[in-house]
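# Reading the structure
Listed below, chain by chain, are the residues.
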Amino acid sequence: MKKYILSILFFCFSFGVFAEAASFSSSDTTTTILAAKVDSLVSRADWLMAVLQETNNFTENLTPDNLASVPIGLKRQIGGKNYILAIENVSFDTHGGSFTAFMRLPVPGTNKMVYFMGRNIRFSSNGGIMGDARLQFLYCAPIPLSSKARLLTDQQKCFVDFNCNGFKRLGFGGKVEFSPDMLLPEKPDGKPDYSGTHNVTGTFETVANDFDDMLAVCKIEPFQTPKLPGFSFHVSDAVFDFSDLHNAPSMAFPKDYPNVYEGNDELWRGVYIRSVVVKMPQAFKNKTDDGKRIELGAQNLIIDDQGFSGYFDAKNLLTLKQGSVGKWAFSINSLGVGIIANQLKYASFGGEIMIPITKQDESFSYGCTISSDNEYLFAIQNLKATSFDVFKAANVQLYPSSSLTIKLVDDQFNAKAVLNGKMDITPSLTENPDETSSANKFTLAEIEFEHLTVQTEAPFITFGAFALTGNKNAPQLAGFPLTVKSIKGGSLGDKSFIGVDLGLNIGGGGEAGFKADTRVNVCSKMVEVDGLQRWIYDKTQLEKVLIDADMGAIALKGSLDFFKEAPIYGSGFHGTIDARFSSIEVKAHAMFGKVGALRYWNADALMTLEDGIPLAGAFKLNGFGGGAYKGMLQTDEPIAGGLGKMPSGMYYVPDEKLGLGVRAAVQLSAATKAVFNGTAMFEMAFNKNGGLNRELFLGNANFITPPAAFGTDELTKLAGNVTTVAKQKNVGTGSNTDNSIINLFRTGERGSLSADLSIDANIEEKSFFAGLKTIVNVADVLKGTGRDNLAGDAAMYFSPSEWFIKIGTPEEPIGLELLHLARANAYFMVGNKIPGSPPPPAEVASILGESRGSLDYMRDFNALGTGKGIAFGANLKFDTGDLSFLMFYARFQAGLGFDMMLKDYGEASCVGRTGPVGINGWYANGQVYGYFEGKIGIRVNLFMYKGNFDIVNIGGDLIAGQITQSFLDAWNRRRSLQYSGGINTGELQIQVYLGRRMSIASS
């Protein structure tokens, strides 16, 4: 493809098909010599050229003769091209003369012409041009160089110099103006100018000796490209290539450039940018360098008829400390851009970004592609395991579906990360956010989350869906197992939370009935540190625990508060709730906790009711103190802080040895308290394996008695005494029920009929005890015969070392007395620690005039101690007491009874016999007795004598005993008769022995 020289002169490169319809600003001003005369001079030049073509009046050399015939054309061939100089207005003088000349040059590929004109061009007398002549630029319309560029000439910089020898040099200058579709001007603030009032221009000026070899240095103002707005190009070294013979020195085409001149690169025409400073968009600033835009150098970019083309890249443009996107820390480690023929081939950069919910100083690698629509398409590249400090979430795994979006709005980046993955939440329930104890933490493993969105503008954080998918660790709250009902998140301004609705197992041991509901809010807040956003953990809010549990005999309903890190008690929940113990409904204080590996709970209540709660029949409940527990021990020792103090006044402390238990004190009465009232204490305690440890019941009942004192103080005292009793390993042993323990549960005076019942089944001690005491005193008419009107004391006891059943004893038999006249007593004992046989009653010894000890026929055997066996006995007594009538007095008493015993004396033997006593050590003995005594007398009160004189005094008894191996070794009968009549007195004693006495051989 050949070039016309002056096509080079006016814009020195061809952009293909020219179009005048390109969008340019209104600054299209053509430089003219005199604007008013331009049109006529151009018309004159066109007319001259037409005349010359018509007349063919051309010459190659000027002479005075041919100059006389004007217009004349001077035709010269330069570089293979014909140039015509149209001459007119010739004038002659003595030295030669002068003329006016026009030159018209076509612009290749267009119908445009470039006009030059010169006046007063001197020639010599022989016709030759004197010296150097210059044609000045006359006119040239704007020359379209492509659809997006045009050339505007500068009058002061365009000329043609010639002399007699022909063309000497060409001067050419002007500016190239680019359409906004190709290049955008840059405003002083660094933004692209879309107004259309100004176009990007490049100015050039050159002088050439050869029309076919013209290269011009060009200065181009800063510009941007529509395909990559925000990136500024500040050209420092550029060349307009107008040459068919050479290119700019060291010129290199961009890779992948569609070079139509391949193999003939020197034919390429365009603007070669050797070096340029590229400034990134204003959003990419170095905050440590007064917010200056990031700059990088680029080389070998070109502008031609295909458009703008070039590549540039850079490394380590911005560190995390220097850069930010929005208010997130951000670095640019690499950048690469490729533009070919005004089309964005690629634009990408990569680096590190810090998402403000992750742990401090942790960053993620990202890659960003800039689309042809100027969208920044970010993607997180290293989805490594991380943690979210904001939620105290560990083991965070991000899924590949996570995305990072950064948009450029008003020269500011707005970043948004949409995260999908799973995490473990383990926030602290204490003031220490780095708590490690599971008892003080909320643990929720493998929560899957979707669309957890964090962004640099409000709303700063939003939440999508959550699901609990993992089972590697059971969810826990303060060490308590839980079930997750729902997980939701929310935010307001710079505050956010993840709320978890929970079902909580606070009973321990898997009790299905002891479930509770609560909600945990893991709260966070956003702060700014060094101008960067950061979400940090704030606190964990545990809302009230709502319990609604029904275990049959025990039901609890209400709300509980959380306590944490308490001495002795660890962490847990407590509060006042509604409770039901069997059919008793009360307000109770409940506590559920965990310390170490122990999970414990209790529910304790104190209630007094003046009118009572109807129970069965006419019976009412007037007071209740106590409750249920598991893994806790009652104590009467105060605990610092008072956390374990219950309404009943008792303290509970955790005890890993104990399981489930129920312990309480109650007050009962009939509809009329004077008819019946009583108190009771009961306990059922289980070990931690679910086995029964102990069953305990203590109570008393009073019939026909003044009303007992029923009130809070009395009930609190009763409930507190439960602790005292619970410390006793056994309520009763071989000596029947401990009266001091029974009396702990008496709140008033005994009634006409009172009963004390005690039952203690101690599985841990392998013992069982049951005792019943009955006290009778009905208007002093009917009374018990024992101490304090005791009518009976029955007990049974079983343990590995001892057992017995006792319904009274010889010393304290059961019995009643009527009207102080008649008395009946009895007893029954069986067991392995039976006491010795009793001697005859004191009345018999008195009648015989002997001591009871002398009549103790079993004293040698009794000296051997207790042993296993069976014993029983009974007696009936009648005694009138002292009677008087006038001067007479009298008294009558009688009685009969028996005592029998079969007892194992082991290896004991008798004197004179070999082997154990009795049958293999089992020795039977007994006694049967009867007595009567009566006397009648007179009281004498004379001057010579005063005193009582018995008229009749009669007494007698019968004693039998000692049945052994032959069942009749000895028989002892005694008979005594005393009488006195008048002055006669007498006494008869009969004593009979059958068999022989047994004496224990000494060891």
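Each remark here, short or long, concerns the structure printed above.
The present account deals with the structure reproduced in this document.

Criteria and cut-off values
- Residues numbered from 1 in each chain as written.
- Predicted model: local features only at pLDDT ≥ 70, side-chain atom pairs only at ≥ 80, totals over all residues.
- Heavy atoms only, no water.
- Helix = DSSP H or I, 4+ residues; strand = E, 2+ residues; numbered from the N terminus.
- Buried < 20%, exposed > 50% of the residue type's maximum accessible area, 1.4 Å probe, protein only.
- Contact = heavy atoms within 4.5 Å.
- Areas by Shrake-Rupley, 256 points an atom, 1.4 Å probe, with all protein chains shown as cover.
- Core = buried A, V, L, I, M, F, W, Y, C linked by side-chain atoms within 4.5 Å.
- Domains from an automatic or database assignment.
- Expected span 1.5 Å × (residues − 1).

### Some details on the overall build of the protein chain
Looking only at helices and strands, the protein chain has seven helices and 65 strands in total. The buried share among the 1003 residues of the protein chain stands at 50%. Residue pairs at least 24 apart in sequence account for 58% of intrachain contacts in the protein chain once pairs closer than 6 positions are excluded. Carbon and sulfur atoms form 53% of the exposed surface of the protein chain, whose accessible area is close to 45,300 Å².

### Focus on the nonpolar core
In this structure, Phe349 and Phe388 are the most contacted members of the largest nonpolar core, which totals 153 residues. Counting contributing residues, this core receives three or more from each of domain 1 (29–140) and domain 2 (355–542). Of all hydrophobic cores here, the second largest spans 16 residues; its members include Tyr600, Leu643, Val653 and Ala685.

### Things to note about unusual backbone geometry
For the peptide bond that leads from Val70 to Pro71, omega is 0°, which places it in the cis range. Considering the arrangement of structural elements, one finds Pro71 in the loop between α3 (64–67) and β2 (72–78). Phi at Asn56 is positive, roughly 55°, even though this residue is not glycine. Along the chain, Asn56 falls in the loop between α2 (38–55) and β1 (58–59). Here the phi dihedral of Ser250 falls at roughly 60°; this positive angle occurs in a residue that is not glycine. As for its position among the elements, Ser250 is in the loop between β15 (232–241) and β16 (270–279). You can call Ser250 exposed: its relative accessible area is 68%.

### Structural notes on the environment of Ser372
Structurally, Ser372 is set in the loop between β25 (364–370) and β26 (376–380). Residue classification places Ser372 among the partly exposed positions, given a relative accessible area of 47%. Between the C-alpha atom of Ser372 and that of Lys227, which follows or precedes it by 145 residues, the distance is 6.1 Å.

### Focus: α2
When the terminal C-alpha atoms of α2 are compared, their 26 Å separation across 18 residues agrees well with the 26 Å that a helix rising 1.5 Å per residue should span. Within the sequence span of α2, burial applies to Val38, Leu41, Val42, Ala45, Leu48, Met49, Val51 and Leu52. The positive-phi residue at the C-terminal boundary of α2 is Asn56, with phi of around 55°.

### Focus: the side chain of Gln282
Structurally, Gln282 is set in the loop between β16 and β17 (285–286). Beyond its immediate sequence surroundings of up to four residues, Gln282 is in contact with Asp189, Gly190, Lys191, Arg293 and Asp411.

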